[in-house]
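# Coordinate inspection notes
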Amino acid sequence: MNAPFKHSDAPFGHEHGPMITGTFAPVLEEVVLTDLPVTGKIPSDLNGVYLRNGPNPRFKPKGAYHPFDGDGMLHAAQFKNGQLTYRNKWVRTEGWNANNAKGEETHWGIMSTLKGREDMPMADVANTDVIGHAGKAVATWYLAGKAYLIDPITLETTEAADYGNRAPGHGVSAHPKVDEVTGEMMFFDYFDHAPYMAYGVVDKEGKLVHHVPIELPGNRLPHDMGISENYSILHDLPVYHDEDALAAGRHKIRFNGSMPARFGVIPRFGQSDEIKWFEFSPCFLYHVINCWEEGDEVVMVACRFMPVKNEDGTIDEHRTAKTIAHLGMDARLWRYRMNMKTGEGTEECLNAEHNCEFPSYNTSLTGRKSRYAYLVDHNPNTLHWIGIRKFDTDTGESLGNWTDGPKDCWYSEPWFAPADNPQSEDHGYVITFMRDEKLGKQELQVFDALNISHGPIARVEMPHAIPVGFHACWMKPNQIENWPDNSIG
Ligand SMILES: [Fe+2]
């Protein structure tokens, strides 16, 4: 029986808005936990590390607070021979170190007016995604800030990744993609002046080997990208900063329902003028599941954000922009096909029923045809996910789901972890943190990926709260530079 954990509901008070209290409230200790009580059994062929990033402000914010402002904190569940070690640690960003030296928050957030506050810049907090690359975990931020390299075992921050002396001020978007066959990492950067985007490739040693400007028609807020074996797929979506607000030092998001969504397909090492753009129905798109090539076509399966509609069926641009700004998600599984020969693009909804987001899959197949994906079921409350669901992305069919209670149990982004000797694409496990708000308990849960509906095969009781957060990843032993026992994986 789980014991309730102790967790301050509002360590910085209630005056900074709702997204820093309750289940968002930060934890203020870094801990290492072992020998935690387990219901069920942690599989012995589950070896590697589940990492989850999220906002966790260390000091009282200076003004209104948004989850993109909070210092990045990683929560790690390391599985080894049936044993589990949990760790949590803040990413030691430049901002975290500056705050630490002063004993207070020294940055403004994205909801603050920045004009006249140039001496206290916006926080660049590495709190959005974490992926594995070149033996390290890489923590990134949604506005394309600095990426930080982290030891996936100890969670020590080793360095800010400059990937080989790029022009100062250039960042890395939240969701770089790693080709696990070549070890290359593809990423984009975006900024509020022409050309508005850049695209790059980092090799398997962690060195930047390709970086080109990508011209967009104006400032944009792209969130994700995709890769196939030979191409990268970049996003030009009708979501952007209001220019007047930007000039006044503020962030205000606009959505234009009459502009197409465009996806640009560029050869992995292509030059700027080699990109081919395809136009689709207007939408925002947070997350790509996977991309691959089929003959002349590049296929992208993604979670398409559904624009908010008026009663007459037209798009409500204002409410759509507001929903995006508050991280609301109303998304459906969607497949895009882009024919590189004819220039034609087609799109189709794969499953109209389920509002699902924060996808994961077997990353051995990044850029190659994959079939299974594991997502969270959404509810209207920001970042509160009510269960996990497996999909067949060929057919759009839901292959099973699980929730411990859709009204008060919140899940982290689940990630697929292959078994040590996988016999099929979905032979392995799905890992997630689950917080039961009603009972005040925190668990780490392990599912058999072949049978999500069975429920967790292991529930690990945690005395330490995990605030709701953003993205996660799975790193296999052979992807971890200092995995403690190299005989595994
Ligand atoms: Fe994201």
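Just so it is clear, the structure is predicted and the values come from calculations on it, not from any experiment.

What counts as what
Residues numbered from 1 in each chain as written. Predicted model: local features only at pLDDT ≥ 70, side-chain atom pairs only at ≥ 80, totals over all residues. Core = buried A, V, L, I, M, F, W, Y, C linked by C-beta atoms within 7 Å. Buried ≥ 20, exposed ≤ 12 C-beta atoms within 10 Å, placed from the backbone. Helix = DSSP H or I, 4+ residues; strand = E, 2+ residues; numbered from the N terminus. Contact = placed C-beta atoms within 7 Å. Pairing = 2+ DSSP bridges.

### Structural notes on the nonpolar core
Among the nonpolar cores identified, the biggest contains 135 residues, and Leu51 and Ala139 are the most heavily contacted of them. When residues in this core are grouped by element, the largest group, seven residues, is from strand β20 (residues 284–294). Discounting chain neighbours no more than four positions away, the residues touching Ala139 are Asn53, Gly72, Leu74, Val91, Ala126, Val130, Ala147, Tyr148 and Ile150.

### Let's talk about the environment of Pro43
One can find Pro43 in the loop between β2 (38–40) and β3 (48–52). Sequence separation between Pro43 and Val446 is 403 residues; the distance between their C-alpha atoms is 8.8 Å. Aside from chain neighbours lying at most four places away, what touches Pro43 is Gly82 and Tyr429.

### Remarks on the sheet that holds strand β13 (residues 208–215)
Pairing is antiparallel across the open sheet formed by four strands, whose spatial order is β10-β11-β12-β13. Two strands bound the open sheet, and with one partner strand each, they are β10 (177–178) and β13. Here six bridges tie strand β11 (residues 185–190) to strand β12 (residues 196–202), and the two strands are oriented antiparallel to one another. Paired with Tyr190 across the bridge in β12 is Met197.

### Here's the deal with the pairing of strand β27 (residues 398–402)
By the bridge criterion, three bridges tie strand β26 (residues 385–392) to β27 in an arrangement that is antiparallel. Its bridge partner being in β27, Arg389 is matched across the sheet by Asn401. With antiparallel pairing between neighbouring strands as the criterion, β26 and β27 make up a hairpin whose turn holds five residues, including Gly396 at a positive phi of roughly 85°.

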